[in-house]
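Coordinates in review
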Amino acid sequence: ETEGLFDFILRKGRPAEELISAHYSVLNERLAKYYGIDGVEGEEFRPVDLLAHPERGGILTQGTFLIVTSNPTRTSPVKRGLFVLDNILGTPAPPAPPNVPPLEQAATNQPTNPTMREMMEIHRKNPDCRGCHARMDPIGLGLENYNAVGQFRLKQEGKAIDASGKLLTGEQFKDIAALKSALAENRKQDLYRCLSEKLLTFAVGRGVEYYDAPTIDLLVAHLGKNDGKLSELVHAITESAPFQKRRGGH
C-alpha cells in the first residue's frame, strides 16, 4: 500500500503533500476488508477513492506506519509522534533523559484503567519529560483512534477516544482528518524540506551534510514553484550538483 501510494503520486504528477492528505490509497480486497472498507474485490492493488472514509488515506493511516510505531501490546503515541517529527517534518525531538520510568507506571494507583491520553498526562507531570512530550504527544494522541495493528476504533477501555489536540506551532485539530490537513497545509514547507533531504540522501547514497544546504534550499524552492509535484523533486535532484558530481562506486 505504501509503495503503491508513493508510486501513484510520483507517476501521476500529484503534489507531495498528498503523501499525508490523500483522500485515496492503493488497496486490494484483503487490505480493504482489514480496514473495514467495502467494495474492493480481487488481489490486485489499485487506487481506491476514500472520500467516504475520512479515517483513511495518506501514510499516517496506513498499517505500515501504525504498526511499526506501536509497541507489541499497545499503541505508542510517543513513537508515532516522534516518527512524524523525524521523517515527515524533519524536526526531531532531543533524546529522552536517562532513567525515564515506563509509561505503564503511570497506571499504578489509578482507580480505573486509564486511557492512553490519561496515562500520558500523568507521565508528563515529570518536568524532565514535559518539553519533548509537548512536541510529540499531540501528534501521537491524534492517531490514537488506530490500535496497535492499525485498525480504526472509537473507544479504549470503554471510553470514547479523544483525538483532538494542538500542535506546538499552534495549529488545532479535532480528528485525524484535521490533523492531516494541519500537517499537509500549515507545515508544508517542513514537509518539502524533509522530503528533499530524504530523497537526496537516497539518490546520492550518503547523508546530507552542511554543504548541501544550498541544494536543499533550491529543491524546496523548486517544489514550491511547481505545485509541490513529487516528480518535479525527483527531476530536480537528478540535475543537482550533489547528484551530478557524486563519486562512482561498485
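Residues numbered from 1 in each chain as written. Predicted model: local features only at pLDDT ≥ 70, side-chain atom pairs only at ≥ 80, totals over all residues. Heavy atoms only, no water.

A word on the overall build of the protein chain. A count of helical and extended segments in the protein chain gives 12 helices and 6 strands. When the 250 residues of the protein chain are sorted by exposure, 44% land in the buried category. In the protein chain, once contacts between residues fewer than 6 apart in sequence are set aside, the share between residues at least 24 apart is 59%. Summing over all exposed atoms, the protein chain offers an accessible surface of approximately 13600 Å²; the carbon and sulfur share of this is 53%. (Helix = DSSP H or I, 4+ residues; strand = E, 2+ residues; numbered from the N terminus. Buried < 20%, exposed > 50% of the residue type's maximum accessible area, 1.4 Å probe, protein only. Contact = heavy atoms within 4.5 Å. Areas by Shrake-Rupley, 256 points an atom, 1.4 Å probe, with all protein chains shown as cover.)

The phi dihedral of E157 falls on the positive side, at around 55°, and the residue is not glycine. In this fold, E157 is placed in the loop between strand 3 (155–156) and strand 4 (159–160). With a phi angle near 60°, D227 is a residue other than glycine that sits in the positive phi range. In this fold, D227 is placed in the loop between helix 10 (213–225) and helix 11 (230–238). Of the residues examined, D227 reaches a relative accessible area of 59% and is grouped as exposed.

As a further point, take helix 10. The terminal C-alpha atoms of helix 10 lie 18 Å apart, and with 13 residues this matches the ideal 18 Å at 1.5 Å per residue to within 8%. Where helix 10 is concerned, the buried positions are T215, I216, L219, V220 and L223. For helix 10, the buried positions fall inside an angular range of 135° around the axis, keeping them on one side. When the buried face of helix 10 is taken as reference, the exposed residues oriented beyond 90 degrees from it are P214, L218 and K225. (Expected span 1.5 Å × (residues − 1). Arc of directions from axis to C-beta.)

Turning next to the nonpolar core. In terms of nonpolar packing, the biggest core is built from 43 residues, with L60, V84, I88, L183 and L233 touching the most fellow members. By size, the runner-up hydrophobic cluster in this structure holds 8 residues, among which are A32, Y35, I37 and L50. (Core = buried A, V, L, I, M, F, W, Y, C linked by side-chain atoms within 4.5 Å.)

Applying the stated criterion across every chain, the model contains 5 aromatic pairs. Seen in terms of ring centroids, Y146 and F152 are 5.4 Å apart; in terms of plane orientation they differ by 70°. Their pairing is edge-to-face. With a relative accessible area of 0%, Y146 lands in the buried category. A relative accessible area of 34% places F152 in the partly exposed class. When the ring centre of Y35 is taken as origin, the NZ or CZ atom of R56, which lies over that ring, is 3.9 Å away. One cation-aromatic arrangement involves R246 over F243; the distance from NZ or CZ to the ring centre is 4.0 Å. (Phe/Tyr/Trp six-rings, centres within 6.5 Å; stacked < 30°, edge-to-face > 60°. Lys NZ or Arg CZ within 6 Å of the ring centre and 35° of its normal.)

Further remarks concern the pairing of strand 1 (residues 24–27). It is a general feature of regular strands that their side chains alternate between the two faces of the sheet. Residues Y24 and V26 point to one face of strand 1 and S25 and L27 to the other, with burial holding for every one of them. Summarising the sheet, strand 1 and strand 2 (residues 46–49) pair through 4 bridges and their orientation is antiparallel. Bridge pairing links V26 to P47 in strand 2. (Pairing = 2+ DSSP bridges.)

With respect to the element layout, D49 can be found in strand 2. Residues D49 and V26, spaced 23 residues apart in sequence, show a C-alpha to C-alpha distance of 8.9 Å. Those residues in contact with D49 that sit more than four places away from it in its chain are H23 and Y24. Separated by 2.8 Å, the side chain of D49 and the backbone nitrogen of L51 make a polar contact. (Polar contact = N/O pair within 3.5 Å; in protein donor to acceptor, adjacent residues only side chain to side chain.)

What follows covers a nonpolar patch on the surface. A cluster of nonpolar side chains, namely Y34, I67 and V149, defines an oily patch on the protein surface of about 240 Å² accessible area. Of the residues examined, Y34 reaches a relative accessible area of 34% and is grouped as partly exposed. (Patch = residues over 30% accessible without salt bridge, like charges linked within 9 Å, V, L, I, M, F, W, Y side chains within 5 Å. Salt bridge = Lys/Arg side-chain N within 4 Å of Asp/Glu carboxyl O.)

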